[in-house]
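Per-entry structural report
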Amino acid sequence: MSIMRALTAVTAALVLTGCSAAQSPEAKKEAGPAPSAVPSASGPPAARPDRQHDGWRDSDIPVFGPAPTPDKITLPPGDSAPYLLSIPTKNKVAFLTIDDGFLKHPEAPKLIEAAGVPVTLFLTTDAIKDDPEYFRPMIKAGAVVESHTITHTSLRGQSYEFQKRELCGAADRLAKWYGRRPTLFRPPFGNQDATTLKAARDCRMKAGFMWKETVHKGKVRFQEGRRVQPGDIILMHFREAFVEDFISALRAIKKAGLTPALLEDYVP
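About the cut-offs
- Residues numbered from 1 in each chain as written.
- Predicted model: local features only at pLDDT ≥ 70, side-chain atom pairs only at ≥ 80, totals over all residues.
- Heavy atoms only, no water.
- Helix = DSSP H or I, 4+ residues; strand = E, 2+ residues; numbered from the N terminus.
- Buried < 20%, exposed > 50% of the residue type's maximum accessible area, 1.4 Å probe, protein only.
- Contact = heavy atoms within 4.5 Å.
- Polar contact = N/O pair within 3.5 Å; in protein donor to acceptor, adjacent residues only side chain to side chain.
- Pairing = 2+ DSSP bridges.
- Disulfide = S-S within 2.5 Å.
- Phe/Tyr/Trp six-rings, centres within 6.5 Å; stacked < 30°, edge-to-face > 60°.
- Lys NZ or Arg CZ within 6 Å of the ring centre and 35° of its normal.
- Core = buried A, V, L, I, M, F, W, Y, C linked by side-chain atoms within 4.5 Å.
- Axes fitted to C-alpha atoms, helices over the stretch in contact; angles between N-to-C directions.
- Parallel < 35°, antiparallel > 145°, perpendicular 65-115°, else oblique.
- Left-handed = near helix turned anticlockwise from the far one by under 90°.
- Nonpolar A, V, L, I, M, F, W, Y, C, P; charged D, E, K, R; others polar.
- Salt bridge = Lys/Arg side-chain N within 4 Å of Asp/Glu carboxyl O.

1. What to know about the environment of Arg 186
- Of note, Arg 186 is situated in the loop between strand S6 (184–185) and helix H5 (194–202).
- With relative accessibility at 0%, the residue Arg 186 sits in the buried group.
- Those residues in contact with Arg 186 that lie beyond four places of it in its chain are Thr 97, Asp 99, Phe 122, Ser 147, His 148, Phe 209, Met 210, Trp 211, Ile 233 and Leu 235.
- Side-chain polar atoms of Arg 186 contact the side chain of Asp 99, separated by 2.8 Å.
- Of the polar contacts made by the side chain of Arg 186, one reaches the backbone oxygen of Met 210; its length is 2.8 Å.

In structure tokens:
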């Protein structure tokens, strides 16, 4: 697959290509993630070797300096988890998130390790149960795993019991597989309601997250403007175009003068 060297910014609706049904012909799997500590970066960016891989080179990946010290957001009290589209921060950072896990691209673990940037994986346990070990190298490289339900069913309008089972069950399974129970969640397709947020809080979820940009087939699509803004959350998926999408997302962050940061570092 070829690496897209130019980003196409297209104003899109809120859901855009988020977890579209057409994206998952791989839709019968289950498993779960768990996070790990993000590698601490200090000093100037280190030079990278320029190795050739399958469809990409090390030099295709933008080089970033260390992320600034995170400033924790304030979460509202109450019986419902908050649901955020971005992180309110003055730091020049953006947050890269990767969803689902239906398609396990062979280059994804190598690319995430080579990039050395923090990412959050919102994994669907039915999508990854056939090979939960696939995600372990990403966790070792600094990725953190959070919850994206068991079955990837739209939660909006479902009963409290159904939604709690999807959210708690996925978190419990991911904890068993990876040793850390998720504290953040993303509802499939971004669909949620008041019941979702109540069930999430009862499942000990701190917050749920939407997104401000999506990446699909190497193109970054913006909800507002034509540039990634500080605090924006970027959504991409484990898809066939993973290499193009991942590099395009990092280039968009670099073009905006921002640095990738870890979402979990900003949530108290």
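2. What to know about the pairing of strand S9 (residues 219–222)
- The pairing of strand S8 (residues 213–216) with S9 spans four bridges and is classified as antiparallel. Each bridged residue has a counterpart across the sheet, and for Thr 214 the counterpart in S9 is Arg 221.
- Hairpin connection from S8 to S9: two residues lie between these consecutive antiparallel strands, with Lys 217 at a positive phi of about 55°.

3. A short note on the state of the cysteines
- Enumeration over the complete set of coordinates arrives at one disulfide.
- A disulfide bridge connects Cys 168 with Cys 203, and the sulfur atoms are separated by 1.8 Å. Taking the sign of the torsion about the S-S bond as the criterion, the disulfide between Cys 168 and Cys 203, at about -100°, is left-handed. Placement of the pair is Cys 168 in helix H4 (residues 160–178) and Cys 203 in the loop between H5 and strand S7 (207–209), with a sequence separation of 35 residues.
- When its relative accessible area of 12% is taken as the criterion, Cys 168 is described as buried.

4. Notes on the packing of aromatic side chains
- In the structure shown here, the tally under the stated rule is six aromatic pairs.
- Ring pairing ties together the aromatic residues Tyr 134, Phe 135, Phe 238, Phe 242 and Phe 246, which thus form one cluster.
- Above the face of the Phe 64 ring, Lys 254 is positioned so that its terminal group lies 5.3 Å from the ring centre.

5. Notes on the nonpolar core
- Counting 44 residues, the largest nonpolar core has Leu 121, Phe 238 and Phe 246 as the members making the most contacts within it.
- With eight residues, helix H6 (residues 242–255) is the single largest residue contributor to this core.
- Ranked by size, the runner-up nonpolar core spans 30 residues in total, among them Leu 84, Leu 197, Ala 200 and Phe 209.

6. Some details on the packing of helix H1 (residues 108–115) against H6
- Put simply, H1 and H6 touch, their axes get as near as 10 Å, and they point 20° apart. The orientation of H1 with respect to H6, classified from their angle, is roughly parallel. Regarding H1 and H6, the two cross each other, and that crossing is right-handed. Along its contact with H1, which presents Ala 108, Leu 111, Ile 112 and Ala 115, the element H6 presents Phe 242, Val 243, Phe 246, Ile 247 and Leu 250.
- For the contact of H1 with H6, a count of residues per class yields nine nonpolar, no polar and no charged.

7. Here we look at the pattern of salt bridges
- Counted by the stated rule, this structure contains 11 salt bridges.
- The partner of Arg 181 in a salt bridge is Asp 172, and the shortest N-O contact between them spans 3.0 Å.
- Residue classification places Asp 172 among the partly exposed residues on the basis of a relative accessible area of 41%.
- Glu 224 serves as the salt-bridge partner of Lys 212, at 3.0 Å between the closest nitrogen and oxygen. Here Lys 212, found in the loop between S7 and S8, pairs with Glu 224, found in the loop between S9 and strand S10 (233–237); they are 12 residues apart in sequence, far enough to count as distant.
- Look at Lys 212 and you get buried, because its relative accessible area is 11%.

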